[in-house]
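What follows is the residue order along each chain.
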Amino acid sequence: MLTPYDFQENIQQRAQYIRNRLQAGSPVIGISYENGILLLTTRRRGRKVFEIYDRLMLSAIGNQADLETLRLAAIDFAHQEGFVRSPDDVTVQRVVGFALSPALKKAFGDPLTTPFVVRALFAELHSTPERDMFYILNYDGEFTPTERFAVIAGTSTAEEQALRYLSTTIESVPTFEKALPVALIAWGIAREAAMQEEAEPIPESRARERLREELQEAQLEVGILERQTLRENRFRLVPAEQLQGYLRHL
Amino acid sequence: METHAGDFASLLRAWQAQTGTTLPLFAPPTAANQQVEGLEVHGTTVIAVKFKGGVLNVGDRRATAANAVMYDRADKIIPLDDYTLIAIAGAYGRAMEVVRYLRHAFKYYARSQLQPMSLDGKLQEVSRVLASNLPNALSGIGLFIPILSAYDPDQDAGRIFFYDASGARFETPDYGAAGSGAERIRGVFDYIAKTKGAFSERPLEEVLHEAVLLLDIAADLDAATGGIDKVLPTARYVNREGVFEVPESTLREIVSTLRGG
């Protein structure tokens, strides 16, 4: 017998489909530090951390094509607004809340379109670390602002575990040198937790092991926005040689 | 979703179509423009000289409208990105709009396409925006002349380009200048290069000294050029490491040396 269309069931199925596909994604860790803000993740193929505007960057887990659509929409909106009004009017709150979130919600709720398979983390730099912002944008258009640090990972328990580690480890605003090793461990915890069924706490040693294993096949990618710089562009990817120094002490 | 392949002009045109507005940059000239002539604020003398490893730009700070000094803190040398400087002489309002456009255009391309725009691509973009400004320039307003200084990673050297109002691009081997004071000092560049050697072979410190002196001479010979005493000039340079501003203290020292103190 043909069952009638059930909106709730349809939504649940779509959400389940997306969650299954997100689960294997490489987590992204964001930390606000003294002279900037960083996003850390690993990549096997293409780039993962992207500059959106003068003080805004993005990384995500999910489908590459969906991420590309999201990234270009954010860049278009930011540059249009920055030129027509002022660069000061380009804020993460407007980019995520106004330009992106309604489009994601529309695609997710419409049974005739493919939903976005993506969970994105935006980082916005301000004049002091206390004012830096992170925005997590979900596949269904929901977004959450946070401060100091943020995590996106394959499952919500993985995110919770990594966040717990970050909140106990980071007591005050760290330097870049202090923030990076913490971000590495948080990445390992989130990755390991997303791969297992039961929600038992991940010890640091397992997190290190998971990261070492990952780096056999993947590369570390860290994007930063610098608070004080002589350069015109605040965004840059941290060079591999500089990252090697941190990985040696892993 | 519409993609613009990194073309900022295309993005803005789509925005215009969507909102039903016309940005000043794309507005055609009107009869009212004619009356602006004489009220329009103009920037005066800017100088670009090579040094070993890069290009230095120096400009006075004066902006004039007819024979009135409108502003003595104008910044006519502006970084477009980490490897490009633009120096502008002529209609200040239109030039600033174009500079804002170019800054966004270069960054929009780099961020969306995940590779920097090539030097030739940037030069072409400047040509394009000047050519589209020509009807305005012919109607009597908005004429300005830019000098573009860039670090070219392929040649590992600085390069200087200047334009005419229609967008024609010319490369100059050693130095260039634009604005009302520039014509008067052309011979001095030649004299310095012929007696002391090409600018491109000399260190930044020496070239900076020469450039400030050149600006001082321009101010002596041209009423619209602001000079170096009342307000310090702007000096920026570009080399392999990026775009930098010469600190005020360095400029003050040079000015006081030139004044015999």
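What you are looking at is a predicted structure, and each value in this text was computed from that prediction instead of being measured.

A short note on the overall build of chain B
For chain B, the helix and strand inventory stands at 7 helices and 13 strands. Against the 2.2 N^0.38 benchmark of 18 Å for 261 residues, chain B shows a C-alpha radius of gyration of 19 Å, consistent with a compact globule. In terms of its C-alpha atoms, chain B occupies a principal-axis envelope of roughly 60 × 45 × 30 Å. For chain B, the residues scored as buried account for 46% of the 261 residues in total. Restricting to contacts in chain B with at least 6 residues of sequence separation, those with at least 24 account for 69%.

Quick notes on the overall build of chain A
Looking only at helices and strands, chain A has 7 helices and 10 strands in total. In terms of overall dimensions, chain A is globule-like: its C-alpha atoms have a radius of gyration of 18 Å, near the 18 Å expected for 250 residues. When each of the 250 residues of chain A is scored for burial, the buried share is 44%. Intrachain contacts of chain A at a sequence separation of at least 6 include 64% that bridge at least 24 residues.

A word on the interface of chain B and chain A
On the chain A side, the residues contacting the 20 residues of chain B number 17 residues. Counting only elements with at least two residues in the side of chain B that touches chain A, the list comes to helix 1 (8-19), strand 6 (77-81), helix 3 (92-113) and strand 13 (242-245) of chain B. Split into classes, the residues belonging to the side of chain B that touches chain A amount to 12 nonpolar, 4 polar and 4 charged.

Looking at unusual backbone geometry
All names here are of chain B. With phi around 60 degrees, L114 is a residue other than glycine that occupies positive phi space. Here L114 lies in the loop between helix 3 and helix 4 (119-138). Non-glycine residue D156 carries a positive phi angle of around 50 degrees. Note on placement: D156 falls in the loop between strand 8 (144-152) and strand 9 (157-163). The class for D156 is exposed, based on 10 C-beta atoms found within 10 Å.

Section: the sheet that holds strand 9 (residues 219-226) of chain A
Hydrogen bonds between backbone atoms are what pair the strands of a sheet, whose relative direction is either parallel or antiparallel. Residue and element names in this part refer to chain A. The antiparallel open sheet is built from 5 strands, whose spatial order is 8-1-2-9-10. Whereas interior strands pair on both sides, the edge strands pair on one side only; in this sheet they are strand 8 (149-152) and strand 10 (235-237). Each strand of the sheet is rotated relative to its neighbour by a mean of 15 degrees, with strand direction disregarded. In this structure, strand 1 (residues 28-33) lies alongside strand 8, joined through 4 bridges in antiparallel fashion. Residue V28 lies in a different strand from strand 8, and its bridge partner there is I152. Relative to the sheet, helix 5 (residues 176-195) contacts strand 1, strand 2 (36-43) and strand 8, its axis offset from that of strand 1 by approximately 160 degrees.

A closer look at the confidence of the model for chain B
A residue-level look at chain B finds 95% of positions with pLDDT of 70 or above and a mean pLDDT of 91. Interface confidence in the predicted complex, given as ipTM, is 0.94; pTM for the same model is 0.93.

Some words on the pairing of strand 10 (residues 169-172) of chain B
Residue and element names in this part refer to chain B. The sheet contact formed by strand 9 and strand 10 spans 4 bridges and is antiparallel. Across the sheet, the residue bridging to I160 is T172, located in strand 10. Counting the residues that bridge the hairpin from strand 9 to strand 10 gives 5 residues, and of these G167 lies at a positive phi of roughly 100 degrees.

Quick word on the environment of V222 of chain A
With respect to the element layout, V222 of chain A can be found in strand 9. Counting along the chain gives 207 residues from V222 of chain A to A15 of chain A, while the straight-line C-alpha distance between them is 29 Å.

Points about the packing of helix 2 (residues 64-84) of chain A against helix 3 (residues 92-109) of chain A
Residues and elements named next belong to chain A. Interaxial distance between helix 2 and helix 3 falls to 10 Å at its minimum, and their mutual angle equals 140 degrees. Viewed along their axes, helix 2 and helix 3 adopt a mutual orientation that is oblique. In this structure, the crossing between helix 2 and helix 3 has a hand that is right-handed. Facing L70, A73, A74, F77 and A78 of helix 2, the residues of helix 3 in contact are V95, A99, L100 and A103. Considered class by class, the residues forming the contact of helix 2 with helix 3 number 9 nonpolar, no polar and no charged.

Brief notes about the packing of helix 3 of chain B against helix 4 of chain B
All names here are of chain B. Close contact between helix 3 and helix 4 brings their axes to 11 Å; oriented N to C, the two are set at 145 degrees. In terms of crossing hand, the pair formed by helix 3 and helix 4 is right-handed. Across from R94, V98, Y101, L102, A105 and F106 in helix 3, the residues of helix 4 making contact are K122, E125, V126, V129, N133 and N136. Across the contact of helix 3 with helix 4, the residue classes tally to 7 nonpolar, 2 polar and 3 charged.

With respect to the environment of A24 of chain A
You can see A24 of chain A is positioned in the loop between helix 1 (7-22) and strand 1. C-alpha separation for the pair A24 of chain A and L220 of chain A, spaced 196 residues apart in sequence, amounts to 16 Å.

What about the nonpolar core?
Nonpolar side chains in soluble globular proteins generally cluster together in the buried interior. Residue and element names in this part refer to chain A. Within the largest apolar cluster, 145 residues are counted, with the highest numbers of intra-cluster contacts made by L121, F122 and A186. Here this core gets 11 residues from one element, more than from any other, and that element is helix 5. With near-sequence residues (within four places) excluded, A186 lies in contact with I29, V151, A162, Y165 and L166.

Re helix 3 of chain A
Think of an α-helix as turning once every 3.6 residues; residues three or four places apart then point the same way. All names here are of chain A. Between its first and last C-alpha atoms helix 3 spans 24 Å; for 18 residues at 1.5 Å apiece the expected length is 26 Å, and the two agree. For helix 3, the principal kink sits at L100 and spans about 45 degrees; a proline, P102, occurs within the next four residues. The complete set of buried residues in helix 3 reads V92, V95, V96, L100, L104 and F108. Looking at the buried positions of helix 3, the neighbouring elements they touch are helix 1, strand 4 (56-62), helix 2, strand 5 (118-124), strand 6 (133-137) and strand 7 (143-146).

Re the pairing of strand 2 (residues 46-51) of chain B
All names here are of chain B. Counting buried residues in strand 2 gives 6 out of 6 residues, a clear majority hidden from the surface. In strand 2, alternate side chains face the same way, and those of V46, A48 and K50 on one face and I47, V49 and F51 on the other are all buried. Sheet topology note: the strand 2/strand 3 (residues 54-59) ladder contains 6 bridges and is antiparallel. Residue pairing for strand 3: F51 is matched across the bridge by G54. Remark: 2 residues form the turn of the hairpin made by strand 2 and strand 3, two consecutive strands paired antiparallel; G53 in that turn has positive phi of roughly 100 degrees. With 4 bridges joining them, strand 2 and strand 11 (residues 175-178) adopt antiparallel strand pairing. Bridge pairing in strand 11 places V49 opposite Y175.

Definitions and limits used
Residues numbered from 1 in each chain as written. Chains lettered and ligands numbered in written order. Predicted model: local features only at pLDDT ≥ 70, side-chain atom pairs only at ≥ 80, totals over all residues. Helix = DSSP H or I, 4+ residues; strand = E, 2+ residues; numbered from the N terminus. Rg over C-alpha atoms; globule rule 2.2 N^0.38 Å. Buried ≥ 20, exposed ≤ 12 C-beta atoms within 10 Å, placed from the backbone. Contact = placed C-beta atoms within 7 Å. Nonpolar A, V, L, I, M, F, W, Y, C, P; charged D, E, K, R; others polar. Pairing = 2+ DSSP bridges. Axes fitted to C-alpha atoms, helices over the stretch in contact; angles between N-to-C directions. pLDDT = per-residue confidence, 0-100. Parallel < 35°, antiparallel > 145°, perpendicular 65-115°, else oblique. Left-handed = near helix turned anticlockwise from the far one by under 90°. Core = buried A, V, L, I, M, F, W, Y, C linked by C-beta atoms within 7 Å. Expected span 1.5 Å × (residues − 1). Bend = angle between axes of the 7 residues up to and from the residue.

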